[in-house]
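Below, each chain spelled out in residue letters.
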Amino acid sequence: MKKLKDILYKVALVEVAGSTDVAISSVQFDSRKATDGALFVAVKGTQTDGHKFIAQVIEKGAVAIICEDMPQDKHEGITYIGVKDSSHALAIIAANFYDQPSTKLKIIGVTGTNGKTTTATLLFKLFRQLGYKAGLLSTVRNMINDKEYPATHTTPDSLELNRMLNELVEQGCTHCFMEVSSHAIVQNRTAGVTFTGGVFTNITHDHLDFHKTFDAYIKAKKKFFDELPATAFALVNKDDANGMVMLQNTKASKKTFALKNAADFKCKVIENTLAGLVLNINGKELWTKMIGAFNAYNLLGIYATAILLGEDKEEVLKVLSALDPVEGRFQYAKAPNGTIGIVDYAHTPDALNNVLSTLQEVRSENEKIITVVGCGGDRDKTKRPIMASIACEKSDKVILTSDNPRSEEPAEIIHEMEKGVDPVAKRKTISIVDRKEAIKAACQMAQKGDIILLAGKGHEKYQEIKGVKHPFDDMEILCETLNLFQS
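Residues numbered from 1 in each chain as written. Predicted model: local features only at pLDDT ≥ 70, side-chain atom pairs only at ≥ 80, totals over all residues. Heavy atoms only, no water.

A. Inspection of the overall build of the protein at higher detail. Check the secondary structure of the protein and you find 15 helices and 27 strands. By the compact-globule yardstick of 23 Å for 487 residues, the protein fits well, its C-alpha radius of gyration being 24 Å. Projected onto the principal axes, the alpha-carbon positions of the protein cover approximately 80 × 50 × 40 Å. Buried residues in the protein amount to 57% of all 487 residues. By sequence separation, contacts in the protein at least 24 residues apart represent 65% of the contacts at least 6 residues apart. Summed over all atoms, the accessible surface of the protein reaches about 20600 Å², with 49% contributed by carbon and sulfur. Taking the 60 positively charged and 61 negatively charged side chains of the protein as two groups, their mean positions are separated by 3 Å. (Helix = DSSP H or I, 4+ residues; strand = E, 2+ residues; numbered from the N terminus. Rg over C-alpha atoms; globule rule 2.2 N^0.38 Å. Buried < 20%, exposed > 50% of the residue type's maximum accessible area, 1.4 Å probe, protein only. Contact = heavy atoms within 4.5 Å. Areas by Shrake-Rupley, 256 points an atom, 1.4 Å probe, with all protein chains shown as cover. Lys, Arg positive; Asp, Glu negative; His and termini not counted. Charge placed at Lys NZ, Arg CZ, Asp CG, Glu CD.)

Here you go:
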């Protein structure tokens, strides 16, 4: 139980009707979860408006309402609080309700188009290996020390986020590594969190279905760094065209990492093969199981973050060299005849380009690259022909197929991808709507030593079609079809 007046600390109030000296049993923004003594925050979301359910939650026992539009007819005995932005108020209230858990942890937020999951996950694994109790909030999974919890969003809603951070504190954790999505930034999910550091990986074409323009997408990422406190550090990829943009207005300590430009943390790729990477980081050599220049950036960002958190350089390099790749991120398996299957979450043009460029670098002259790729439904449509074009340019054979079609017709999505296939590339491109059949076809095409890339779904264990999630695992199907063993 908390008093309403206490959990309104630092909330920008516009209007108050009723007493703030009332006991609050829980904070809710989902009307279905409202119970006796609840504070209900009416949030205007993308799908529905919480203001429509105010009367309903009062019937369920809610005693106080946070809203942007004050009701004309107010119930006697109910406290109404008017605010300018309910989503921002919810984040501040959630932090207050759980006694500001983020101030009791070292929290690192990782944002960018690609590399968020790998960076956050390997930071978590690194610090666990270094002996710390720590948490992970990611697209793939949430972790509190060694206990796993399902992840439904890249970044949880502000109420769930603060609940989980409070759980981390109660479990004795000192660190938390979390992905911060552009959606979460715009929707103020992290507004009540005090970050120790922010990491920017890169920014490329994605999520324009939500942000509408690339400029709006950049500004969403930048907002995260603008809001970092002076006590935090802001670490950015200087090689990215917008890396330094992220630092323009931040109060945080500014730090950079790069492979190409002068930076605080510098890396050079010495070897890049299917056996792994050999890197030189700030004069120290590191061998790792991970592959590709994009992973060199990820590892450099991880190393830099650990050093900025005060860890020993030699110990960090030692642990980094032993870490395994993240599930569904350039995860590969090898068949007895030498055929290699790779599953990667690459679902943006830049990510697909990175993976295929890496495969071109590490293959010898004879192996063919066979790419199976689709695009998700109800998402940014402009990237569909671009994805197909990149696949055709950098593969020997391409199969266009379904990803998660969601509410859209799979064949129509593929048709939009086909617009990116030029006349010359049509000879090496086929379209198969059924993803399982597409994977089987790729395996049948493959000769000894060829490389099969399954792009887009990565770690996902389902395929969403017409609102139903069907069990589906790219790696499992690949292994069954080619009798592979995972690396």
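Having seen the structure, we can now continue with the description.
B. The sheet that holds strand 2 (residues 13–17), seen in detail. Sheet architecture is open: five strands sit in the order 2-7-6-5-4, paired in mixed fashion. One side of each edge strand has no neighbouring strand; the edge strands of this open sheet are strand 2 and strand 4 (26–28). Neighbouring strand axes in the sheet, compared pairwise and without regard to direction, differ in orientation by 15° on average. (Pairing = 2+ DSSP bridges. Axes fitted to C-alpha atoms, helices over the stretch in contact; angles between N-to-C directions.)

C. Examining helix 8 (residues 214–226) more closely. Helix length check: helix 8 (13 residues) gives 18 Å between terminal C-alpha atoms against 18 Å at 1.5 Å per residue, within 8%. Along helix 8, the residues that are buried comprise Tyr217, Ile218, Ala220, Lys221, Lys222, Phe224 and Phe225. (Expected span 1.5 Å × (residues − 1).)

D. Focus on the packing of aromatic side chains. Across all of its chains, the model carries eight aromatic pairs by this definition. Consider the rings of Phe127 and Tyr132, whose centres lie 5.4 Å apart with planes at 40°: the pair is tilted. Both rings, one in Phe294 and one in Phe330, keep their centres 5.8 Å apart while their planes meet at 50°; by these two values the pair is tilted. Pair noted here: Phe294 is in helix 9 (residues 293–308) and Phe330 is in the loop between helix 10 (313–322) and strand 19 (331–334), with a separation of 36 residues, a long-range link. For the pair Phe294 and Phe330, a shared accessibility class is recorded, and that class is buried. Taken together through their ring pairs, the aromatic side chains of Phe195, Phe200, Phe224 and Phe225 make up a single cluster. Between the NZ or CZ atom of Lys457 and the centre of the ring of Tyr462, over which it lies, the distance is 5.2 Å. (Phe/Tyr/Trp six-rings, centres within 6.5 Å; stacked < 30°, edge-to-face > 60°. Lys NZ or Arg CZ within 6 Å of the ring centre and 35° of its normal.)

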